[in-house]
Amino acid sequence: MATLFEAAGLEKGAPRPLADRLRPTRLVDVVGQEHLVGEDGTLTRMLKSGRIQSMILWGPPGSGKTTIARLLANETRLEFEQLSAIFSGVQDLRKSFDRARVRRETGKGTLLFIDEIHRFNRAQQDSFLPHVEDGTITLVGATTENPSFELNAALLSRAAVLTLNRLEEEHLGELLRRAEAEEGRELPLDDDARTALRGMADGDGRAVLNMAEEIFAAVAPGQKPLLREALVKLVQRRAPLYDKSRDGHYNLISALHKAVRGSDPDAALYWLCRMLDGGEDRLFLARRLVRMAIEDIGLADPQAVVQALAAKDVYDFLGTPEGELALAQATIYLATAPKSNAAYMAYGAAKAAAKESGSLAPPKHILNAPTKLMREEGYGAGYAYDHSTEEGFSGQDYFPEGMGRKQFYDPSERGFEREIRKRLEYWQSLRQRRQAERP
């Protein structure tokens, strides 16, 4: 709803940040999200169909979520309303729903944009459902958090989840070129400083434009371009020690993972510290350590995953910098632990077999028979209670009838799996003996 000042055109003369002045007026001008707004993009196809559905825009800060929501409203001639879940409550939502209902009676629709929608509690999220279902509003929610974990299943079932990409180097470069065109001069930075500026933005388009505006204001036309050190001092952002764009980010985590897998604690610590110094998300590192414990160590050392999870909890408790020592300690533990991917391979093989075998039923002798009909059908007939045997092992077949026994898990001779292999061999010998004893 326009204010009196906006209606009179007075708002247009007010000062506006560079990022706002450069906000795209067409979907096709949104950078870095070609999979959504390109010629064959999801939103492009949706608009061609003549209507848009409610959706959740999931992406990192500065990737264009708010801009896309505004442009969708323009393209579909819907009234645009915006609320922030940080500052809004139930009363604000009710007022928005009431205004949307009034508009609907006059034949006009409403696009209700909710920024940080994951911050609404479950009851607040549920309040959207009837208004989305009856078409009173088209809901567009923006979130930086995984919707699967933060939003109600009922809300997710009524909204499409569209993922926005983190802006890459070329996208940030395009935004800087647009800023230069808007300002009418080149950004006063040398090549090294320009590269550092893109790195400091860390994939955030709004951040790179805000820093560019600060630089334009600080360096008058005709002055010498800033060098990297002067840039860092000016914008008060630490230049990253490694490129956190796609290649640098994944190259270093790959180096850390492979050093741990290769049982080289010194190299693993080096790559860990490279990432810590570069500003990597500490909980991302903790998650990867847990993955290494499961994927590359497994049951060769069952304490590996315990150590990795404990490091995550310690970091949660202590924070930076003290908690980082827990990540270093877990890295050393994992790198020096015996290695085995037997559990990882067994899971993959069992998953493939389950998919191939379809919906085979369990054998009847291991099914419970709580009713007379089920007993008459043979449920539970012949089941041997393992604890009733001398060795606590019956040796029965638990695979579906006709499938035959399969071996998925083949433990290594390393670490604790050496003991597991002995147990499996013992049970296999008992199983063969039981089969030979059966008539």
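Just above sits the structure.
What comes next is a walk through the structure. Source: prediction; values computed, not measured.

Counting its secondary structure elements, the protein contains 22 helices and five strands. Computed over C-alpha atoms, the radius of gyration of the protein comes to 30 Å, more than 25% over the 22 Å expected from 2.2 N^0.38 for 439 residues, which places it beyond the range of a compact globule. Here the C-alpha coordinates of the protein stretch approximately 95 × 60 × 40 Å along the principal axes. Relative to all contacts within the protein whose residues are 6 or more apart in sequence, the contacts with residues 24 or more apart total 72%. Entry remark: accessible area of the protein is about 24700 Å², with carbon and sulfur atoms responsible for 53%. Charged side chains of the protein number 60 positive and 64 negative; the gap between the two group centres comes to 3 Å.

Opposite charge on two side chains lets them pair, provided their charged atoms get close. Applying the stated rule across the entire model yields 29 salt bridges. Asp20 is the partner of Arg16 in a salt bridge, and the nearest nitrogen-oxygen pair spans 3.0 Å. For Arg16, a relative accessible area of 36% puts it in the partly exposed group. Measuring nitrogen to oxygen at the nearest pair gives 2.9 Å for the salt bridge that ties Arg101 to Asp98.

Right, let's talk about the environment of Glu81 for a bit. Along the chain, Glu81 falls in strand β2 (residues 79-84). Assessed through its relative accessible area of 8%, Glu81 is described here as buried. Among residues more than four places away in sequence, those in contact with Glu81 are Ser96, Arg99, Arg103, Thr110, Leu111, Leu112 and Phe113. Side-chain polar atoms of Glu81 contact the side chain of Arg99, separated by 2.8 Å.

A few words on the sheet that holds strand β5 (residues 160-163). Strand order in the open sheet formed by five strands is β2-β3-β4-β1-β5, and the pairing between neighbours is parallel. Two strands in the sheet have a free side with no partner beyond their single neighbour: β2 and β5. Across the sheet, the axes of successive neighbouring strands diverge by a mean angle of 20°, strand direction being ignored. One ladder, built from five bridges, connects strand β3 (residues 110-115) with strand β4 (residues 138-143); its direction is parallel. Within the sheet, the bridge partner assigned to Phe113 lies in β4 and is Val140. The sheet strands contacting helix α5 (residues 65-76) are β1 (55-58), β2, β3 and β4, and the helix crosses β3 at an angle near 175°.

Here the focus is the nonpolar core. The biggest cluster of nonpolar side chains holds 26 residues, and the ones touching the most others in it are Leu187, Leu189, Leu197, Val208, Leu209, Ile215 and Leu231. Sorting the residues of this core by element identifies α2 (18-21), α11 (169-183), α12 (191-201), α13 (205-218) and α14 (228-235) as the ones contributing at least two each. The biggest single contributor to this core is α13, with six residues. Not counting chain neighbours up to four residues away, the residues in contact with Leu189 comprise Arg194, Leu197, Ile215, Pro225, Leu226 and Leu231. The next biggest cluster of nonpolar side chains, apart from the first, holds 25 residues, and it includes Val260, Leu327, Leu334 and Ala337.

Once that is clear, we can look at the layout of surface pockets. When its volume is computed, the second largest pocket comes out at roughly 520 Å³. Residue lining of the second largest pocket: 25 residues in total, with Arg23, Gly62, Gly64, Thr67 and Arg206 positioned closest to the centre. For the lining of the second largest pocket, the secondary structure elements donating two or more residues are α5, β4, α11 and α13. Classifying every residue of the lining of the second largest pocket gives 10 nonpolar, eight polar and seven charged.

Our next topic: the packing of helix α16 (residues 265-277) against helix α17 (residues 282-297). As a packed pair, α16 and α17 sit with axes 10 Å apart at the nearest point and diverge in direction by 155°. Here α16 lies roughly antiparallel to α17, going by the angle between them. When you trace α16 past α17, the crossing you get is right-handed. Note on element contacts: α17 touches α16 through Arg282, Phe284 and Leu285, opposite Leu272, Met275 and Leu276. Here the contact of α16 with α17 is built from residues that sort into five nonpolar, no polar and one charged.

Take the packing of aromatic side chains next. Each pair of aromatic rings is reported with the distance of its centres and the angle of its planes. Taken as a whole, this structure holds six aromatic pairs when the rule is applied. Seen in terms of ring centroids, Phe80 and Phe113 are 6.1 Å apart; in terms of plane orientation they differ by 25°. Their pairing is stacked. Pair noted here: Phe80 is in strand β2 and Phe113 is in strand β3, with a separation of 33 residues, a long-range link. Of the two residues, Phe80 and Phe113, neither departs from the other in class, the shared state being buried. On the numbers, 5.8 Å between centres and 85° between planes, the contact of Phe97 with Phe128 is edge-to-face. In this pair, Phe97 sits in helix α6 (residues 90-105) while Phe128 sits in the loop between α7 (122-126) and α8 (129-133), placing the two residues 31 residues apart along the sequence.

Cut-off values and rules
- Residues numbered from 1 in each chain as written.
- Predicted model: local features only at pLDDT ≥ 70, side-chain atom pairs only at ≥ 80, totals over all residues.
- Heavy atoms only, no water.
- Helix = DSSP H or I, 4+ residues; strand = E, 2+ residues; numbered from the N terminus.
- Rg over C-alpha atoms; globule rule 2.2 N^0.38 Å.
- Contact = heavy atoms within 4.5 Å.
- Areas by Shrake-Rupley, 256 points an atom, 1.4 Å probe, with all protein chains shown as cover.
- Lys, Arg positive; Asp, Glu negative; His and termini not counted.
- Charge placed at Lys NZ, Arg CZ, Asp CG, Glu CD.
- Salt bridge = Lys/Arg side-chain N within 4 Å of Asp/Glu carboxyl O.
- Buried < 20%, exposed > 50% of the residue type's maximum accessible area, 1.4 Å probe, protein only.
- Polar contact = N/O pair within 3.5 Å; in protein donor to acceptor, adjacent residues only side chain to side chain.
- Pairing = 2+ DSSP bridges.
- Axes fitted to C-alpha atoms, helices over the stretch in contact; angles between N-to-C directions.
- Core = buried A, V, L, I, M, F, W, Y, C linked by side-chain atoms within 4.5 Å.
- 1 Å grid on protein atoms, 1.4 Å probe; cavity = no way out; pocket = protein on both sides within 12 Å on 5 of 7 lines; lining within 4 Å.
- Points joined across faces, edges and corners; volume = space filled by probe spheres on them.
- Nonpolar A, V, L, I, M, F, W, Y, C, P; charged D, E, K, R; others polar.
- Parallel < 35°, antiparallel > 145°, perpendicular 65-115°, else oblique.
- Left-handed = near helix turned anticlockwise from the far one by under 90°.
- Phe/Tyr/Trp six-rings, centres within 6.5 Å; stacked < 30°, edge-to-face > 60°.

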